[in-house]
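# A structural walkthrough
Residues per chain, in single letters:
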Amino acid sequence: MKLAVVGATGLVGEQILNVIKERNFHFDELLLVASARSAGKKFTYDGKEYTVVTAEEAIAQKPDIAIFSAGGGTSLEYAPKFAEVGSTVIDNSSAWRMDPSKKLIVPEVNAKSLTKEDKIIANPNCSTIQMIVAIGPLHEKYKIKRVVVSTYQSVTGSGKAAVDQLFAERAVSAGQEQEVNKVYPHTIDLNVLPHIDVFQDNGYTKEEMKMINETKKILEDDSVKVTATTVRIPTVGGHSESVNIEFENEFDEAELRQILADAPGIIIQDDPANNVYPMPLTSHNRDETFVGRIRRDETQEKTVNMWIVADNLRKGAATNTVQIAEYLVSAGLV
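Since the structure is predicted, the reported quantities are computational estimates derived from the model, not experimental observations. (Residues numbered from 1 in each chain as written. Predicted model: local features only at pLDDT ≥ 70, side-chain atom pairs only at ≥ 80, totals over all residues. Heavy atoms only, no water.)

Moving on, we get to the domain arrangement of the protein chain. You can read the domains of the protein chain as domain 1 (2–123 + 317–331) and domain 2 (128–154 + 192–310). Centre-to-centre, using C-alpha coordinates, domain 1 lies 27 Å away from domain 2. Taken together, the contact pairs 17 residues of domain 1 with 13 residues of domain 2. Interface of domain 1 and domain 2: buried area, both sides summed, is about 1,300 Å²; carbon and sulfur atoms make up 64% of it. The interface formed by domain 1 and domain 2 contains two salt bridges. The partner of glutamate 214 in a salt bridge is arginine 97, and the shortest N-O contact between them spans 3.6 Å. The element best represented in the side of domain 1 that touches domain 2 is helix H4 (residues 107–110), accounting for three residues. (Domains from an automatic or database assignment. Contact = heavy atoms within 4.5 Å. Buried area = accessible area lost by both parts, 1.4 Å probe. Salt bridge = Lys/Arg side-chain N within 4 Å of Asp/Glu carboxyl O. Helix = DSSP H or I, 4+ residues; strand = E, 2+ residues; numbered from the N terminus.)

Next up on the list: the packing of aromatic side chains. Taken as a whole, this structure holds six aromatic pairs when the rule is applied. Summarising the aromatic geometry, the rings of tyrosine 45 and tyrosine 50 are spaced 6.4 Å apart at their centres and angled 45° between planes, so their arrangement reads as tilted. You can call tyrosine 50 buried: its relative accessible area is 10%. Feature note: the residues Tyr142, Phe247 and Phe251 constitute an aromatic cluster, connected by ring pairs. Here arginine 170 stacks its cationic end above the ring of phenylalanine 167, 5.4 Å away from the centre of that ring. The aromatic ring of phenylalanine 251 is capped on one face by arginine 296, whose charged end is 4.0 Å from the ring centroid. (Phe/Tyr/Trp six-rings, centres within 6.5 Å; stacked < 30°, edge-to-face > 60°. Buried < 20%, exposed > 50% of the residue type's maximum accessible area, 1.4 Å probe, protein only. Lys NZ or Arg CZ within 6 Å of the ring centre and 35° of its normal.)

Structure representation (structure tokens):
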């Protein structure tokens, strides 16, 4: 097994390498790929020193699997080139997500749709992934009619510079001299921004439209109605979501809870009497999706509310890509 990680020196790339190590994903040879300005640099991983190579150099070595986390432009340019030499690409950018010829995969829900012919596989948006892990098994049982989701997303979703902005603003508030380089149009510390990605002509942001469109594609059901409001909050542990789900069919709450408890990748944290519910602080550095505050919507039939939390750099990005790679190997698709 020859494995390439494209964008290995970035925030998500480093998380991918951490997850590969933690999950003992087997490879015989590892290629760490980055931009031309990083090529030739030494990178120590798991006690071994590697030399960073360019995408062209990696393509020439024909890796079995290439995990991409280097931005949409890089993916559009190089993913087809890797695929042409026989590599199976798992792409973490938005470049291929809505391409009708490419599959959008959350392993717990739709990995079985993959075949050997799928040479470029898209990893969904982080906020979509954690929601799908929870609602996927419910859709299979009760058929979802409509989803209303509001997200509370960590600054880590905007990269290291956004995390730096948050802590620089906190330092300034504490009276320290600190230069603040702004990633967001407003202060994020002690604030909430109902604005993730760029606004579209319909008034929704690109992030909101990702959740709407990706959900339908993953569930393979355009009849599912989805509306979203995505919000950036000053946390660093993970993304949180308030999700209201209307079903076509009636549900029993105890049965619904059991379906979630039995579903892969989910941990139920739902004991309000003892203040137990999912939080980004306790989901940090975890691979599971945490679900709590499960309760029937008393204003509408066949509808449930729940609170979903996951580490956006782990399950929302790195872990999901590695899980796809694991499935490809276990199913003999590479």
